[in-house]
Amino acid sequence: THRYGMRVGIQTSELEDKATACNMVCVFAEQLGDSFYPYVDKGMALMLPLLNFFYNEEVRETAACALPFFIKAAAQHAARTPGESAEHAVAIFEACVTKLMEQVAQEGEREFALLQTQIVHECISAIGDELGDGFMSDAIMDSIAKFVQFSVDEFISRRGELVDAAGDGDYDDDDGREILDENLEEARNVLLQAGESANMTLKHMHDAFMPHYEELLPLLSEWIKPDADDMMKHFALCQLCDVLEHTEKAAHALVGDVAPALIAYTRDENPQLAQAAVFGLGPAAMNSGDAFAPHVADALDALLGVITADGAREHAPLVVENAISSVGRVMRHQAEHVDVGALLPQWVSWLPINDDDVEAKVIYGTFVYFVEHHAALVFGEHLERVPHVVRIIATAIGTQFSNAELNGHFKSIMAELQNAYPDALEAAVGELDDALRTRLVKRLEADDDIESGMHDKTRGGVRPSNRRGGGGGAAGAS
């Protein structure tokens, strides 16, 4: 197979058996978790070489998909075994991502380049979810940064080839234009998946990643300019939002240049750009401290414009809900520059959340914070907003928009209302329709881990999706 050329497959009963065996190993690793740990090294020895097994695509695909499960098994073993070092898990992780990144660089099939690029960030997530932060060496961070730069260069080259071919008339008819769009989207997806590797690295390594990553910043600054292609703008906005979300020192240094662009793109007609922009203003307010102060007024004007625009919640619900999240973060982290007394009741009126089950957890974490610190503003001077607060909790508790920790906070709020304002609570519950009231009572009586965070998602995949409008969060999330 030549690079990005035609593919020839060979299918025999032996190869089918090989694919079946690989798939079984993958399933065992996924289902057994840390119980698979004794077999991880043998699994690695079998699967890593199969990334180069060009005779059967199912074998290659399954081999790649098994790697995050091997990493997770090793990381779970390290995290759950007293006295166990994480060194073995980290070594397995580094071996997997190094091999995957090398494979992408020489990959001859675009669809496998996309898959392997996706698996890289899944490997980072697999170990990070178990071990937390700080597990990467400088060497592997440098390799990931170079991998992202390689993916950017490949995108630029591939996009240039496609644009030149279109200019030569290769895609003039309807079918040709459809093929062109598909090819451009494919190139974009590979780039975005590589960007997720940077996102996952920033999430777990924070400012420590920036010395390796900072060479990409000048290009990102160019790509957020108005005359850039929308694909480039979207990638750059997402990457800069990740820096704002997961760093402090770098966020403080960047926000002066990035915030005006985010504010401008909140009004963009492209919903992907608008969602990334409204999301990014929240982390900018949260992590860049006083450097964000000059932008607070303009940011809030832009966000309120998005939220209150006619028909916005119907036509662009994810954009609106990410904007709601960012307004909450601005109020919480830039309170000295905001009239919280005037804005908080309006913010509460925009809840509950109905669409973005990732950002909802950030929003409800912010809601819990304000109940705990500004209860009078949330409930109202005469408890006039208690019925709405109860409706918010009844709608969210025990659903995919919440999680176990948030459910516990919701129950505490209801208990506090019962103790302090029983009549107001009784009236508020009475205003709910029968189905919602019955569901609320059932969930309040359930154990904290029952129906908690069903279908709970992390912010994976292509941002902004939910997410990337933004980053997921838990109760008390900033």
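Fair warning: this is a prediction, and the values are worked out from it, not measured in the lab.

(A) Up close: helix H16 (residues 340-349). Of all the positions in H16, only Val-340, Leu-343, Leu-344, Pro-345, Trp-347 and Val-348 are classed as buried. Where H16 is buried, its residues touch helix H13 (296-308), helix H15 (317-333), helix H17 (359-373), helix H18 (375-379) and helix H19 (386-396).

(B) Quick peek at a nonpolar patch on the surface. Residues Met-24, Phe-28 and Leu-32 make up a contiguous nonpolar surface patch of roughly 290 Å² in combined accessible area. Within the fold, Met-24 resides in helix H1 (residues 13-32).

(C) Summary view of the packing of aromatic side chains. Counted under the stated rule, the structure contains 9 aromatic pairs. Ring centres of Phe-36 and Tyr-39 lie 5.8 Å apart, and the angle between their planes is 50°; this geometry places the pair in the tilted category. Under the relative-accessibility criterion, Phe-36 is labelled buried at 6%. Geometrically, the ring pair formed by Trp-223 and Phe-235 is edge-to-face, given 6.0 Å between the ring centres and 65° between the ring planes. Of this pair, Trp-223 sits in helix H9 (residues 217-223) while Phe-235 is found in helix H10 (residues 230-246), placing the two residues 12 residues apart along the sequence. The buried category is assigned to Trp-223, whose relative accessible area is 6%.

(D) Focus on the state of the cysteines. Inspection of every chain in the model, using the stated rule, returns 0 disulfides. Looking at Cys-22, it has no disulfide partner, and the nearest cysteine sulfur is the one in Cys-26, 9.2 Å off. Given the relative accessible area of 6%, Cys-22 is considered buried. Here Cys-96 is not cross-linked by a disulfide; its sulfur's nearest cysteine counterpart is in Cys-123, at 5.3 Å. What makes Cys-96 buried here is its relative accessible area of 0%.

(E) View of the pattern of salt bridges. Per the counting criterion, the structure on display carries 13 salt bridges. Between Arg-80 and Asp-34 there is a salt bridge, with the nearest N and O atoms lying 3.9 Å from each other. Placement of the pair is Arg-80 in helix H3 (residues 57-80) and Asp-34 in the loop between H1 and helix H2 (40-47), with a sequence separation of 46 residues. Between Lys-146 and Asp-142 there is a salt bridge, with its nearest N and O atoms 3.0 Å apart. Taken together, the positions of Lys-146 and Asp-142, both in helix H6 (residues 138-167) and 4 residues apart, correspond to about one turn of that helix. Assessed through its relative accessible area of 54%, Lys-146 is described here as exposed.

Here is what the cut-offs are and how they apply
- Residues numbered from 1 in each chain as written.
- Predicted model: local features only at pLDDT ≥ 70, side-chain atom pairs only at ≥ 80, totals over all residues.
- Heavy atoms only, no water.
- Buried < 20%, exposed > 50% of the residue type's maximum accessible area, 1.4 Å probe, protein only.
- Helix = DSSP H or I, 4+ residues; strand = E, 2+ residues; numbered from the N terminus.
- Contact = heavy atoms within 4.5 Å.
- Patch = residues over 30% accessible without salt bridge, like charges linked within 9 Å, V, L, I, M, F, W, Y side chains within 5 Å.
- Areas by Shrake-Rupley, 256 points an atom, 1.4 Å probe, with all protein chains shown as cover.
- Salt bridge = Lys/Arg side-chain N within 4 Å of Asp/Glu carboxyl O.
- Phe/Tyr/Trp six-rings, centres within 6.5 Å; stacked < 30°, edge-to-face > 60°.
- Disulfide = S-S within 2.5 Å.

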